[in-house]
Every structure is written in C-alpha cells, then in structure tokens.
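# A structural walkthrough
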Amino acid sequence: MYARLQAGVRYNVVRMQKSPEAVARFLVNGAAPEIGAVIRQPELAQTLELLASGGGDAFYHGAFATKLVDGVRRAGGIWTEADLRNYKVIERAPLIGSYRGARIVTAPPPSSGGVVMLDTLNILAGYDLAAAAPAMRTHLLVEAMRLAYRDRAEYLGDPDFVSVPVEQLTNPLYAAGQRAAIRPDRATPSAVLRPISTLGGDGVTTTHFSVIDRDGNRVAATVSVNLWFGSGWVAPGTGVFLNDTMDDFSVASGVPNAFQLVGADANAVGPGKRALSSMTPTFVETDKGLLIIGTPGGSTIISMVTQGVLGWLGGQSADEVVAARRIHHQYLPDRLMYEPEALSKEDLQALKAMGYELQEWSTRGNMQVITWDYPTGLVRAAADPRGFGIGLVY
Ligand code: DON
C-alpha cells in the first residue's frame, strides 16, 4: 500500500464496504490499510492467468463470464451473458490533425479527447502564442478550451449511435469562426454561448502508458475504470473490480458527472452504447522529433494533453512537459482553474479584471511522456511528478 493508493481506497471506501470481496482484499477493519501493507489478490491472479492463456474470449464467454454475470445479478444488477458475449473491441482509425506544421495523431470518438484538443489547437493556430504575454496566452488558451468543451457537451457521443460531426468540429475553418468570437480583452461568460440542448425525455481510475521500441514502434494507451476502484464492487471469485464508466454518460439535462461535465442527447445512456470519454492518447510528429503523451484526469485530460503538446512544440523537454504547472477550463462550470504557481499574481489580477472566476486547484494528472529528438537520436521518458509512474529508457 502506497500513499496515493491509500488515498484512492479512502476516496471510495463507502462503496467498497458494500462489496464483501473488495472488503476482504482492500480494507482492514473496514478502513484503508496502513502504508506498506501487502495486498494479496489471489482471485485476480487466477483471472489474469486465465486471460493470459485464453485471451479476451476466456473473459467474455464461458465459465468466467457466467461467474461475473451471476455475481452481478445476485447483487441486484441486470447484466446478462449475452451482454458480455456481444461486447466487441472496435479498432478505429485515429484522428489526424495538425498544428503549426506538427502532425497530431490522437483519439477518435467515442473519446472526445482528440476532437476537443484538435479544435482547441485549430483555434489557437490563429494566434502567435509565443509572442503573447502570459496573461494573454492563458486567456486565449482558456477561451479556446471553453468553446471546444462546449461543443463536446453538445455533439459528442458514441459514433455507432449518434452522428458526431467530427469533420466539421476539427475543420480549421470552423475554428476560424470560433476564433472570431473571442474578445481579446474579456472573458466570454459560458452563459452567453448558445446553451447545449436538453436531454430528451425528462455520470483505480485511469492509467496511461507511453511506449516506444528501438524500431520506432509506438504505443499511447489510456485505459480507465473511471474513478478509483471503479464502482468499488468486485464480482465474487474473480478479483475484478467493475468500472463505473456509466458516470461518463450524461444522466439528465444540466446534471454534471463526477468531473462536472454536462452533456446532451448525443451522450445519453442507451443499451449497447459506449460512454463518451475524455481519454486523449496522442502522438505529435514534426520534422525534428516525436512526442508520445497521455494522462488520466477525467475532463482535465484533454486540457492537460493540449498544454503538454503546446509545451513540447514550444521547446519544453519531456521532464518539463510533465512537470509544467497547468490550467483548466471546460465551459461549465465557468471557472478558470489553475495549479499553484501556474499563474503569477499579476496574471491572476489581469485575468480577474477580464472577468474570469478563478479557482486554485491541484490536478489529478499522472502524465506519461516520451520524446524522441531526431537530430540527436535522444529518447527521453518522463513521468508526472504528481503521480507515481516512472519513465525509463534502456
Ligand atoms: O474516459 C474518461 O474520460 C474517464 N473514464 C476518465 C476517468 C479518469 O481519468 C479518472 N482519473 N483520474
């Protein structure tokens, strides 16, 4: 047990107390174990061996699937074996965009990450960010995020169920229209943007790996059970925590999820639908090098990765990218969040005078970055100092 995991257990302890298997493996006298305590998960070990020998089929079909479904149904859930049998991993083509000559390869729907980041970057491409004073740079970044996250709430959902206007939202001409609405001197209150439509008829966590091998093969993989320990419930005999990715759907108009995100019909709950994600595993390629980047952090993933991309393109090293202080804005709540030291006192004053509501915040970031500098051949790996990952080159 290490400090961050202990914090995760504490975060979800009330839910875990309802799961006898979670209690048995993760709690001591109903509470989070001491740091250094050893956690043993023999059922999970067996499940992993089954996966290693039988692959995904052994999980979604047969005896293991029956065990999962029986456990869920005994606990009052509505799963059926057909739900698992019919589940398919879908390989999708990545989204490809560009920013000031860099090629950006990133996550397509049902993640919103790529669309929101590319739209943000397209809006920003019309400004000379490097020449802007820090408060102005923050203002432009935030206004771009506000507009892109607004469209996330309105249009994004599972593309197998709703038509997501990806081409429009990632088109530089669309971004030019959005840019024209940004005032240089004032924050635009989110309330004056066209409100998102109402929903018809009336939301361990996430991990990112960045990997590259000697031949240049690369992986940017973000995987999620949503909040710490997902639902906090373990299907008996499996060692498997079930996720709470249902929280990534919009449940009702104006009702924010755990990450304060709101959404519309495009992301309404429906049978067989995949929930809208913010995961943004990304490659950025220029003629000088390569960046592999991603992070957990719910709604803040997209803004963190966007700032990481901008930082690297602006000359930051891998270590600097993961350590850089960050800001965040997601349309609603209409609030500019900033890490301590992300903005100077003067910049905070200037932004306040422009009309921003400001809130100091600490990110849930755990960014994992690899950079490859083509001229020198140097590869660097860096893990977010806020998190517990490590970057290794060997
Ligand atoms: O897919 C998503 O957007 C969420 N399930 C991610 C949740 C997350 O990053 C939690 N981590 N701090």
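Higher on the page you've got the structure.
### Quick notes on the pattern of salt bridges
Under the definition given, this model contains 14 salt bridges. One salt bridge in this structure joins Glu 339 and Arg 386, with 2.8 Å as the shortest N-O distance. Taken together, the residues Glu 339 in the loop between strand E10 (336-338) and helix H12 (345-353) and Arg 386 in the segment after strand E13 (378-383) connect sequence positions 47 residues apart. Each member of the pair, Glu 339 as well as Arg 386, carries the same accessibility label: buried. What you see here is one network of salt bridges that share partners, running through Arg 326, Glu 339, Asp 384 and Arg 386.

### Quick word on the site of the ligand
The immediate surroundings of the ligand are formed by 13 residues, with Thr 205, Thr 206, Ser 277, Ser 278 and Gly 298 found nearest. In this structure, Thr 206 approaches the ligand through a side-chain N or O atom, which is 2.8 Å from an oxygen atom. The separation between a nitrogen atom of the ligand and a polar side-chain atom of Asn 226 is 2.9 Å. Coverage of the ligand by the protein amounts to 95% of the 340 Å² it exposes when considered alone. In the shell around the ligand, the residues fall into 4 nonpolar, 8 polar and 1 charged.

### Structural notes on the sheet that holds E10
The mixed open sheet is built from 3 strands, whose spatial order is E9-E10-E11. The open sheet has two free edges, formed respectively by strand E9 (327-328) and strand E11 (358-360), since each of these has just one partner strand. Across 3 bridges, E10 lies against E11 in parallel orientation. Bridge pairing in E11 links Tyr 338 to Glu 360.

### Let's talk about helix H10 (residues 300-313)
Over its 14 residues, H10 extends 20 Å from the first C-alpha to the last, a length consistent with the 20 Å expected when each residue adds 1.5 Å. The buried fraction of H10 amounts to 13 of the 14 residues, a majority that puts the element mostly inside the structure. A positive backbone phi angle near 110° is found at Gly 315, which sits one or two residues after H10.

### Brief notes about the environment of Ile 390
As for its placement among the helices and strands, Ile 390 is situated in the segment after E13. The exposure class assigned to Ile 390 is exposed, which follows from its relative accessible area of 67%. Considered as a pair, Ile 390 and Gln 368 are 22 residues apart in the sequence and their alpha carbons are 8.0 Å apart. If near-sequence neighbours (up to four positions away) are discounted, Ile 390 is found in contact with Gln 368 and Ala 383.

Rules used throughout
Residues numbered from 1 in each chain as written. Predicted model: local features only at pLDDT ≥ 70, side-chain atom pairs only at ≥ 80, totals over all residues. Heavy atoms only, no water. Salt bridge = Lys/Arg side-chain N within 4 Å of Asp/Glu carboxyl O. Helix = DSSP H or I, 4+ residues; strand = E, 2+ residues; numbered from the N terminus. Buried < 20%, exposed > 50% of the residue type's maximum accessible area, 1.4 Å probe, protein only. Near = heavy atom within 4 Å. Polar contact = N/O pair within 3.5 Å; in protein donor to acceptor, adjacent residues only side chain to side chain. Areas by Shrake-Rupley, 256 points an atom, 1.4 Å probe, with all protein chains shown as cover. Nonpolar A, V, L, I, M, F, W, Y, C, P; charged D, E, K, R; others polar. Pairing = 2+ DSSP bridges. Expected span 1.5 Å × (residues − 1). Contact = heavy atoms within 4.5 Å.

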